[in-house]
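Per-entry structural report
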Amino acid sequence: MSATDCWYPVALSNDLEAGLSAGTRLFDREMCIWRDSDGGVHAWEDRCPHRGMRLSFGFVRGDRIACLYHGWQYDTHGECRFIPSHPELDVPRNIRVATFPCVERLGMVWVYSGLAIERPPELAVEPLDVLPVRSLYLDCVPATAAQSLAAESGNLLSAGSSLLSIDVEGLRLITGVQPFGAAKTALHIVLPGGHEGRDGGARRAASSWAEQFRNDLESSGPPDDEPIGRYEAAP
Amino acid sequence: MTALKLYDYELDEQCYKVRLLLGLLGYAYEKVAVDVYPGGEQRSARFLRLNPLGALPILTDADMVLSGAEAILAYLARKYDGARGWFPDEPETVGRVVQWLAFAGNNLTAASTARAQALFEVRACATTANHAARRAFRVMEDHMTKQQFADAFWFAGNAATIADIALFPAIALSRDIAVDHDEYPALRRWMGRVRTLPGFITMPGIPAYH
């Protein structure tokens, strides 16, 4: 555990459906997030201990995730429980994947950046009903994205947790900032308040604002498409 | 014996579009393997007579000869899908489906080009093609994000059409051009839906799981 370890949002809860795995990154470190069939969410190092294959390419069956390469199966604690090529083998307990602490709050999946912490500090975010909007991936450094958000009349909701409230287009949005990598940032955007009495209008407006925000931030509008004549025909 | 004959290359995602629709329709056909790489057989005199562009897929149905994945999808859907679900008749849906077919045939060409460069030694500017491919995937991601707000879980509405089939391979195979799926959560969910369609078939690089 280092002094900089902290909780970060890495996905919207509703985008990680039961039985699905996905890859993501925190400070360029590859991470596998997956949801078991009982709804539990897990964040692991994205490496199968066997051959180093990314586990996020794997598939979830019940409360286990299996590697796409050779089908090694891991339980919700990251322990290998079954090796298909040695079905009789009592799998040694030390074959295990490194796991990150992981919780859900505000419709987002949160990961603590320190590996194998027994008791991470409590995530200091109050529970609140929200309506998910979208995740937005930006080709820019996290600090730039956070500054641009703050410029949109943003208020820092929680000092340690990269969470901002912003008012745009007559809407109040809550935005979680994920430092994806040196040159990439993800924003996880939700509307405070639940589903009741709302159609898709507010979410569409929020999503359109997000697209505009991304275009402005990345420079000034989408680049022109290259003329198709630059390519040679595919075989 | 079926009259349908598909001139096919297993690793070509354009051919896969046709194989996928025929799988979903459960329709029997004859598959003729063409030596695209390294042979370049699709550019031989024999195949240029079928398609002067020297490209696959090519479909023959008795005297009918068609080339180009999107045209073949439209033809097969109209001729062999009695329920018309894959290419519905309503003008609004026709417009949306054809818009996305054109997108698949134009904007996603960049992804095919980048993949051909990576896999088959086709000369192309990989950086330029990769950039254009990512831009096209973003347009798809933004669209499917908004579709979900209207409880429409497919590209042209609330049912799968040939537009979904034409768009699926490029993003499903994007790891061949070093583009991860991390940034496309709405497309990830949609790809999961495609994979669970009855009759779904795989190709090298597109596993059944998920």
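Since the structure is predicted, the reported quantities are computational estimates derived from the model, not experimental observations.

About the cut-offs
- Residues numbered from 1 in each chain as written.
- Chains lettered and ligands numbered in written order.
- Predicted model: local features only at pLDDT ≥ 70, side-chain atom pairs only at ≥ 80, totals over all residues.
- Heavy atoms only, no water.
- Helix = DSSP H or I, 4+ residues; strand = E, 2+ residues; numbered from the N terminus.
- Buried < 20%, exposed > 50% of the residue type's maximum accessible area, 1.4 Å probe, protein only.
- Arc of directions from axis to C-beta.
- Contact = heavy atoms within 4.5 Å.
- Salt bridge = Lys/Arg side-chain N within 4 Å of Asp/Glu carboxyl O.
- Nonpolar A, V, L, I, M, F, W, Y, C, P; charged D, E, K, R; others polar.
- Phe/Tyr/Trp six-rings, centres within 6.5 Å; stacked < 30°, edge-to-face > 60°.
- Lys NZ or Arg CZ within 6 Å of the ring centre and 35° of its normal.
- Pairing = 2+ DSSP bridges.
- Polar contact = N/O pair within 3.5 Å; in protein donor to acceptor, adjacent residues only side chain to side chain.
- Axes fitted to C-alpha atoms, helices over the stretch in contact; angles between N-to-C directions.
- Parallel < 35°, antiparallel > 145°, perpendicular 65-115°, else oblique.
- Left-handed = near helix turned anticlockwise from the far one by under 90°.
- Domains from an automatic or database assignment.
- Buried area = accessible area lost by both parts, 1.4 Å probe.

Along the backbone of chain A there are two helices and 16 strands. Per-residue burial over chain A gives 51% buried out of 235 residues.

On to helix 1 (residues 142–151) of chain A. All names here are of chain A. Residues Pro142, Ala145 and Leu149 constitute the buried set of helix 1. Taken around the axis of helix 1, the buried residues stretch over an arc of 65°, which confines them to a single face. Looking at helix 1, the residues exposed on the side facing more than 90 degrees away from the buried face are Gln147 and Ala151. Elements in contact with the buried residues of helix 1: strand 12 (130–138), strand 14 (163–168), strand 15 (171–181), strand 16 (184–192) and helix 2 (201–217).

Taken together, the contact between chain B and chain A spans 37 residues of the former and 44 residues of the latter. Summed over the shared surface of chain B and chain A, the result is 12 salt bridges. Note that Arg54 of chain A is salt-bridged to Asp180 of chain B, the shortest N-O span being 3.0 Å. Elements represented by at least two residues in the side of chain B that touches chain A include exactly helix 5 (109–120), helix 6 (126–149) and helix 8 (185–195) of chain B. When grouped by side-chain class, the residues that make up the side of chain B that touches chain A number 13 nonpolar, nine polar and 15 charged.

The next point concerns the packing of aromatic side chains. The relative placement of two aromatic rings is captured by the distance of their centres and the angle of their planes. Summed over all chains, the structure comprises 17 aromatic pairs over all chains. Between the aromatic rings of Trp34 of chain A and Trp44 of chain A, the centroid separation amounts to 5.3 Å while the plane-to-plane angle is 85°, which identifies the pairing as edge-to-face. Of the two residues, Trp34 of chain A sits in strand 3 (residues 29–35) while Trp44 of chain A sits in strand 4 (residues 41–45), which places them 10 residues apart along the sequence. Taken individually, Trp34 of chain A and Trp44 of chain A each receive the classification buried, so the pair is uniform in this respect. Ring-pair connections join several aromatic residues into one group, and the members of that group are Tyr16, Trp100, Phe103, Phe155, Phe168, Trp190 and Phe200 of chain B. Between the NZ or CZ atom of Arg78 of chain B and the centre of the ring of Phe87 of chain B, over which it lies, the distance is 4.6 Å. When the ring centre of Phe57 of chain A is taken as reference, the NZ or CZ atom of Arg175 of chain B above it lies at 3.8 Å.

With that settled, consider the sheet that holds strand 4 of chain A. Ordered in space as 2-3-4-9 (chain A), the four strands form an open sheet in which the pairing is antiparallel. Each of the sheet's edge strands pairs with one partner strand only, and the pair in question is strand 2 (21–26) and strand 9 (99–100) of chain A.

This part is about the side chain of Ser113 of chain A. Residue and element names in this part refer to chain A. In this fold, Ser113 is placed in the loop between strand 11 (108–112) and strand 12. Since its relative accessible area comes to 14%, Ser113 is described here as buried. At a separation of 3.0 Å, a polar atom in the side chain of Ser113 contacts the side chain of Asp5. Filtering out sequence-adjacent residues up to four positions away, Ser113 remains in contact with Thr4, Asp5, Cys6, Tyr8, Leu26 and Phe100.

Before going further, it helps to spend a moment on the environment of Ala124 of chain B. All names here are of chain B. You can see Ala124 is positioned in the loop between helix 5 and helix 6. Separated by 37 residues in the primary sequence, Ala124 and Thr161 place their C-alpha atoms 32 Å from one another. Once you skip the residues sitting within four places of it in the chain, Ala124 turns out to touch Thr113 and Gln117.

Residue and element names in this part refer to chain A. Between helix 1 and helix 2, the least distance of the axes is 11 Å, while the angle of their chain directions is 125°. One element, helix 1, and the other, helix 2, form an angle in the oblique class. Two packed elements cross with a definite hand, and for helix 1 against helix 2 that hand is right-handed. Two secondary-structure elements touch here, helix 1 through Thr144, Ala145, Ser148 and Leu149 and helix 2 through Trp209, Phe213 and Leu217. Considering only residue class, the contact of helix 1 with helix 2 consists of five nonpolar, two polar and no charged.

Attention shifts here to the domain arrangement of chain B. Residues and elements named next belong to chain B. Each assigned domain of chain B is listed here: domain 1 (4–80) and domain 2 (91–195). Relative placement of domain 1 and domain 2: their C-alpha centres are 21 Å apart. Across the contact, 14 residues belong to domain 1 and 13 residues belong to domain 2. The junction of domain 1 with domain 2 conceals about 1,300 Å² of combined surface from both sides, 71% of it contributed by carbon and sulfur atoms. Together, Glu13, Tyr37 and Glu70 form the three largest contributors to the area buried by domain 1 at its contact with domain 2, with a combined 41%. Here domain 1 and domain 2 share one salt bridge between them.

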